[in-house]
Amino acid sequence: MSRHYDLRSSEVHDLVIAEAARVIEDGKLIVLPTDTVYGVAADAFSPEAVERLLEAKGRDRTMPPPVLIARPETLMGIAEGVDAATMALTAEFWPGALTIICRAQPMLDWDLGDTHGTVAVRMPDHEPALDVLRRTGPLAVSSANAHGQPAALTVEDAEQMLGENIEVYLDSGAAAGQGASTIIDMTAQPPRVVRSGPISYAALAEHVPNLLDVGQEPEDPEVPAEGAAADEAPASGEADRDG
């Protein structure tokens, strides 16, 4: 049976975080709040747990989840070829509602699905979520909803869709309601925004030269972007995928 814990209770906060970390270590799933929407989380380095996450949402390997981290420095450990523009984005917008698609470190022992050698990474601007991430390390996190349904803005919404697939539900009240994060693909040439969100194209373009917006094509038709279509990201799948 699923268990519910209220992260707003300071008396049990640390105990709840510890229990959530134990559940993750056991390869099971939790639902946690973020600064965008509620997310369903699994150990990013457990293929079985990631598969369990995809099954809970009704997805397959073609829709791999992004990874949430607690510190910007962690990006250097899970991505390779992180350039100055990417670092500028993390300095300006992390923690926050920006997911950055990077090349994954090829030596890491993980399996997020059909990522085409990429990983989508975000650092949420939400202290309870960061508390969990500091205890667990990187988590594979997708929006806490069944495939094709709206992203959950409350823990009750998440439970209605995911039910007993989740071991622990963490509640911190209604999500901010700003919607799912902006996604920028830094593996594409030129880089491109693949999902619009709270952080605008104009704000991103200040840090990324020649940035393409959603649906925009390169001026030179002989130099196609490496990323996927506007509603899909190489390491992500559908636009509802991240918290």
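Quick caveat: nothing in here was measured; it's all calculated off a predicted structure.

Engineer: Any chance you could explain the nonpolar core here in plain terms?
Structural biologist: Soluble globular proteins: nonpolar side chains tend toward being buried together. Judged by nonpolar contacts, the single largest core of 65 residues is most densely connected at I30, V31, L89, L98, L170, I184 and L204. Beyond its immediate sequence surroundings of up to four residues, I184 is in contact with L89, L98, T99, I100, I101, R192, V193, L204, V208 and L211.

Engineer: How should I be thinking about helix 6 (residues 155–162) in this particular structure?
Structural biologist: Turn by turn, an α-helix covers 3.6 residues, leaving residues three or four places apart pointing in a common direction. Every buried residue of helix 6 is listed here: V155, A158 and L162. End-on, the buried residues of helix 6 take up no more than an arc of 60°, which puts them together on one face. Tucked into the core, helix 6 has its buried residues touching strand 2 (30–32), strand 3 (39–43), helix 2 (47–57) and strand 9 (168–171). One or two residues past the end of helix 6 sits G163, with phi positive at roughly 55°.

Engineer: Got a minute to help me understand the confidence of the model for the protein in this structure?
Structural biologist: In low-pLDDT segments, the atomic positions of the prediction should not be examined closely. Averaged over every residue, the pLDDT of the protein is 90; residues scoring 70 or more account for 90%. The low-confidence segment residues 222–242, where pLDDT is below 50, has 87 contacts with residues more than four positions distant or belonging to other chains.

Engineer: Can you walk me through helix 1 (residues 13–25) in this structure?
Structural biologist: When the terminal C-alpha atoms of helix 1 are compared, their 18 Å separation across 13 residues agrees well with the 18 Å that a helix rising 1.5 Å per residue should span. By the burial criterion, the buried members of helix 1 are H13, V16, I17, E19, A20, A21, V23 and I24. Just downstream of helix 1, G27 is the residue with a positive phi angle, here 85°.

The rules we used
Residues numbered from 1 in each chain as written. Predicted model: local features only at pLDDT ≥ 70, side-chain atom pairs only at ≥ 80, totals over all residues. Heavy atoms only, no water. Core = buried A, V, L, I, M, F, W, Y, C linked by side-chain atoms within 4.5 Å. Buried < 20%, exposed > 50% of the residue type's maximum accessible area, 1.4 Å probe, protein only. Contact = heavy atoms within 4.5 Å. Helix = DSSP H or I, 4+ residues; strand = E, 2+ residues; numbered from the N terminus. Arc of directions from axis to C-beta. pLDDT = per-residue confidence, 0-100. Expected span 1.5 Å × (residues − 1).

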